[in-house]
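One letter stands for each residue in the lines below.
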Amino acid sequence: MPELTGPLDRPLSPGATIGILGSGQLGRMAALAAARLGYRCHVYGPEADAPANQVCDAATVAAYDDVAALTRFAAAVDVVTFEFENIPLATVEVLEKLAPLRPGAAVLSICQHRLREKDFCNGVSVPTTAYRAAEDVGGLRRAVEAIGTPCILKSAELGYDGKGQVRITAESDLAEAWAAMRGHAADAVGIVEAIVPFRMEISAIVARSADGSVRTYVPVENRHKNHILDETIAPANLPDELSDRAEAIARHLAKEMGLIGLLAVEMFVTHDNKILVNELAPRPHNSGHWTLDACVTSQFEQFIRAVAGLPLGSTERLCDAVMKNLLGDEVNDWLRILSEPGNKLHLYGKAEARPGRKMGHVTRLIRR
Ligand code: AMP
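Summary of the structure given here. Model, not experiment: these values are computed from the prediction.

Let us look at the overall build of the protein chain. Within the protein chain one finds 11 helices and 17 strands. At 20 Å, the protein chain has a C-alpha radius of gyration in line with the 21 Å of a compact globule built from 368 residues. In terms of principal-axis extent, the alpha carbons of the protein chain reach across some 60 × 50 × 40 Å. Per-residue burial over the protein chain gives 57% buried out of 368 residues. Sequence separation of 24 or more characterises 63% of the internal contacts of the protein chain that already satisfy a separation of 6 or more. Of note, the protein chain has its 39 positive side-chain charges centred 3 Å away from the centre of its 46 negative side-chain charges.

Here it is as structure tokens:
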């Protein structure tokens, strides 16, 4: 049983237990990386037989507001982290009092709310697209007038992969748009964003440890289909100056939020070479999966290193790579994918291939 509460003051020894909130594929791949470093993982989430449960030493299957289960979980682990940001803030506030939490509740609070996220970025001089808050249909009307059309209404909370997003044009019925957004997240406030006519979507992943040391991965290009990441191309085909600027933005944001862990920064590159931040994720990210096969230290190992207080590893790229998500029944192609010797296949152990569901990914290594 751990005796530590509050911040960890020394590296976790092999054999220690890392608690992970959330039990999807990100938790699964993080737990596999942790196991290689000699740690055990205990995953916490509402679903039985979830991707992470299948590879962890222990699993608590309970709701995020089950304080008794959270208390038992905290007592059984040496440090707590999370693999997705839609964890209720109240959950991590309970846990933070019982066990070291990395990253902390303040980081989660910023990254789980699109308005707080954009306010934070602009507050530390990192530009985003123009945006306005909307709390009801009247507020939506005023926000759309201020931003202009076309624009996008998003729920400030609980949105991912395009869920809770409505495109608004001059002809749109705003009451309908509001209802569609609220249909996804019943009590959420809205955020109206100016559409960025981008030339490329990129992301940069940064790790930061408790002593303030920082390592970034090379920025990558992300191509989406139906708002869901389809392919990541590593590295992004950008001039060094832009690529360096994207990495500097990621480092700056991690430092300013006092991050201990991993931060993925999704950005738009505009035709006139501006970089605007779209979204932040304080955890391993789909656009970093290529690092499993193409970098000295994968994003998952780096995440575990940062959370466990270990020295960060090299982010050196061993070769270029293209990562393709296997969405829904694309996964049925697994045997053909494996028959190409250069492909690195990763499957997540999900039973049902629902349309758009992330079932696995394949990374094609490109020798330089
Ligand atoms: P998000 O959930 O905010 O990451 O949005 C999902 C995808 O929708 C992004 O990856 C973009 O392709 C597109 N998108 C979101 N917001 C904007 C925006 N303000 N301008 C242009 N495209 C956007």
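Picking up where we left off.
Before going further, it helps to spend a moment on the packing of aromatic side chains. Centre-to-centre distance and the angle between the planes together describe a pair of aromatic rings. Evaluation of the coordinates by the stated rule reveals four aromatic pairs. Both rings, one in Tyr64 and one in Phe84, keep their centres 6.2 Å apart while their planes meet at 45°; by these two values the pair is tilted. Here Phe84 lies in the loop between strand E4 (79-82) and helix H3 (89-96) and Tyr64 lies in the loop between strand E3 (58-61) and helix H2 (67-76), a separation of 20 residues in the sequence. Of the residues examined, Tyr64 reaches a relative accessible area of 14% and is grouped as buried. Classification of Phe84 as partly exposed rests on a relative accessible area of 27%.

What follows is about the site of the ligand. The immediate surroundings of the ligand are formed by 16 residues, with Lys154, Gln165, Val196, Glu201 and Glu279 found nearest. Glu279 has a polar side-chain atom sitting 2.9 Å from an oxygen atom of the ligand. Considered on its own, the ligand offers 480 Å² of accessible surface; in the complex 92% of this is hidden by protein. Within the residue set of the shell around the ligand, elements represented by two or more residues are strand E6 (151-155), strand E8 (190-194), strand E9 (198-208), strand E13 (261-270) and strand E14 (275-281). Of the residues belonging to the shell around the ligand, the class tally is six nonpolar, four polar and six charged. Counting residues domain by domain, the shell around the ligand receives three or more from each of domain 2 (130-194) and domain 3 (198-366).

Quick look at the sheet that holds strand E5 (residues 131-134) now. The strand order across the open sheet built from four strands is E5-E8-E6-E7, with neighbouring strands paired in antiparallel fashion. Unpaired on one side and paired on the other, E5 and strand E7 (165-168) mark the two borders of the sheet. Sheet twist, expressed as the mean angle between neighbouring strand axes with direction ignored, is 25°. When E6 meets E7, the two strands line up antiparallel, connected through four bridges. Across the sheet, Lys154 pairs through a bridge with Gln165, a residue of E7. The strands touched by helix H6 (residues 137-147) are E5, E6, E7 and E8; relative to E5, the strand with the most contacts, the crossing angle is about 170°.

By the definition in use, this model includes 18 salt bridges. We note a salt bridge from Arg354 to Glu352, for which the minimum N-O separation is 3.3 Å. A relative accessible area of 40% places Arg354 in the partly exposed class. Residue classification places Glu352 among the partly exposed residues on the basis of a relative accessible area of 46%. Connected through salt bridges with shared partners, the residues Lys225, Asp230, Lys324 and Glu330 form a single ionic network.

The interhelical angle for the contact between helix H1 (residues 25-36) and helix H10 (residues 299-308), taken along N-to-C directions, is 70°, at an axis separation of 8 Å. In terms of their interaxial angle, H1 and H10 are classed as roughly perpendicular. Relative to H10, H1 is oriented so that their crossing is right-handed. Of the residues in H10, those touching H1 at Leu26, Met29, Ala30, Ala33, Ala34 and Arg36 are Phe300, Glu301, Phe303 and Ile304.

Okay, H2 next. By the burial criterion, the buried members of H2 are Ala69, Leu70, Phe73 and Ala74. Across the axial projection of H2, the buried residues extend over an arc of 135°, all falling on one side. Lining the buried residues of H2 we find strand E1 (17-21), strand E2 (40-45), E3, E4 and H3.

The next thing to look at is the sheet that holds E3. The strand order across the open sheet formed by four strands is E3-E2-E1-E4, and the pairing between neighbours is parallel. Every other strand in the sheet has two partners, leaving E3 and E4 as the edge strands with one partner each. Averaged over all neighbouring strand pairs, the angle between strand axes comes to 20°, with direction disregarded. The pairing of E2 with E3 spans four bridges and is classified as parallel. In the strand pairing of E3, Tyr44 is matched with Thr60. Strands in contact with H2 are E1, E2, E3 and E4; relative to E2, the strand with the most contacts, it is inclined by about 170°.

Cut-offs and rules
- Residues numbered from 1 in each chain as written.
- Predicted model: local features only at pLDDT ≥ 70, side-chain atom pairs only at ≥ 80, totals over all residues.
- Heavy atoms only, no water.
- Helix = DSSP H or I, 4+ residues; strand = E, 2+ residues; numbered from the N terminus.
- Rg over C-alpha atoms; globule rule 2.2 N^0.38 Å.
- Buried < 20%, exposed > 50% of the residue type's maximum accessible area, 1.4 Å probe, protein only.
- Contact = heavy atoms within 4.5 Å.
- Lys, Arg positive; Asp, Glu negative; His and termini not counted.
- Charge placed at Lys NZ, Arg CZ, Asp CG, Glu CD.
- Phe/Tyr/Trp six-rings, centres within 6.5 Å; stacked < 30°, edge-to-face > 60°.
- Near = heavy atom within 4 Å.
- Polar contact = N/O pair within 3.5 Å; in protein donor to acceptor, adjacent residues only side chain to side chain.
- Areas by Shrake-Rupley, 256 points an atom, 1.4 Å probe, with all protein chains shown as cover.
- Nonpolar A, V, L, I, M, F, W, Y, C, P; charged D, E, K, R; others polar.
- Domains from an automatic or database assignment.
- Pairing = 2+ DSSP bridges.
- Axes fitted to C-alpha atoms, helices over the stretch in contact; angles between N-to-C directions.
- Salt bridge = Lys/Arg side-chain N within 4 Å of Asp/Glu carboxyl O.
- Parallel < 35°, antiparallel > 145°, perpendicular 65-115°, else oblique.
- Left-handed = near helix turned anticlockwise from the far one by under 90°.
- Arc of directions from axis to C-beta.

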